[in-house]
Amino acid sequence: MSNLPENPRYWLMKSEPFKYGWDDLVAEKEGTWDGVRNYRARNNLAAMRVGEQAFFYHSREGLEIVGICEISVADILDPTDETGKWAAVKVVPKTKLPKPVTLKQIKAEPSLADCELVKLSRLSVAEITPEEWSIICGMAGI
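Anyway, here's the lowdown on the structure attached to this text.

What counts and how
Residues numbered from 1 in each chain as written. Predicted model: local features only at pLDDT ≥ 70, side-chain atom pairs only at ≥ 80, totals over all residues. Heavy atoms only, no water. Pairing = 2+ DSSP bridges. Helix = DSSP H or I, 4+ residues; strand = E, 2+ residues; numbered from the N terminus. Axes fitted to C-alpha atoms, helices over the stretch in contact; angles between N-to-C directions. Contact = heavy atoms within 4.5 Å. Phe/Tyr/Trp six-rings, centres within 6.5 Å; stacked < 30°, edge-to-face > 60°. Buried < 20%, exposed > 50% of the residue type's maximum accessible area, 1.4 Å probe, protein only. Lys NZ or Arg CZ within 6 Å of the ring centre and 35° of its normal.

### Thoughts on the sheet that holds strand E6 (residues 125–128)
Part 1 of the reasoning: Read across the sheet, six strands follow the order E2-E5-E4-E3-E1-E6 without closing on themselves; strand pairing throughout is mixed. Both outer strands of the open sheet, strand E2 (31–33) and E6, are each paired with one neighbouring strand and no more. For this sheet, the mean inter-axis angle between neighbouring strands, taken without regard to orientation, is 40°.
Part 2 of the reasoning: In this structure, E2 lies alongside strand E5 (residues 87–102), joined through three bridges in antiparallel fashion. Residue pairing in the sheet places Thr32 in a bridge with Lys90 of E5.
Part 3 of the reasoning: Those strands touched by helix H6 (residues 130–140) are strand E1 (10–15), strand E3 (53–58), strand E4 (64–77), E5 and E6, and its axis lies near 45° from that of E5.

### Section: the packing of aromatic side chains
Part 1 of the reasoning: Following the criterion strictly, the structure yields six aromatic pairs and no others.
Part 2 of the reasoning: Relative to Phe56, the ring of Trp33 has its centre 5.4 Å away and its plane inclined at 85°; by these criteria the two rings are edge-to-face. Placement of Trp33 in strand E2 and of Phe56 in strand E3 is noted, with a sequence separation of 23 residues between them.
Part 3 of the reasoning: Residue class for Trp33 comes out buried when judged on its relative accessible area of 6%.
Part 4 of the reasoning: Aromatic ring contacts, followed pair by pair, group Tyr20, Trp22, Trp33 and Phe56 into a single cluster.
Part 5 of the reasoning: Geometry around Trp86 places Arg42 over its ring, the cationic atom sitting 5.6 Å from the centre.

Next comes the structure, spelled out in structure tokens:
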């Protein structure tokens, strides 16, 4: 059971599976989402609240959403940043998707045409609307 805050926001976080994949997060039980050096992605990280959920997306290899993680610690400074201007969060794995949802499937769904994953394809931490979240969860079989 999740501890979703009131009026939760939903997110999508990209990681290259050969660097840090879903299985790595599961093995660690809690991971730090750091190393983001894009201002919009940083602002998204800074806006996250404990209990909010994010899709875990494998970029470069796979190009698919493979799981759902939950923000366990919010509003922390990126430990890899000596300047103190970049944000980070900690996440815990919640659910491996029964059916991964590929970028190709997302692009083929007209109701997801405005999804930040599609519109801002290079953004590593994107916001997902509640409607998009629901559609993608349905595509994943949950």
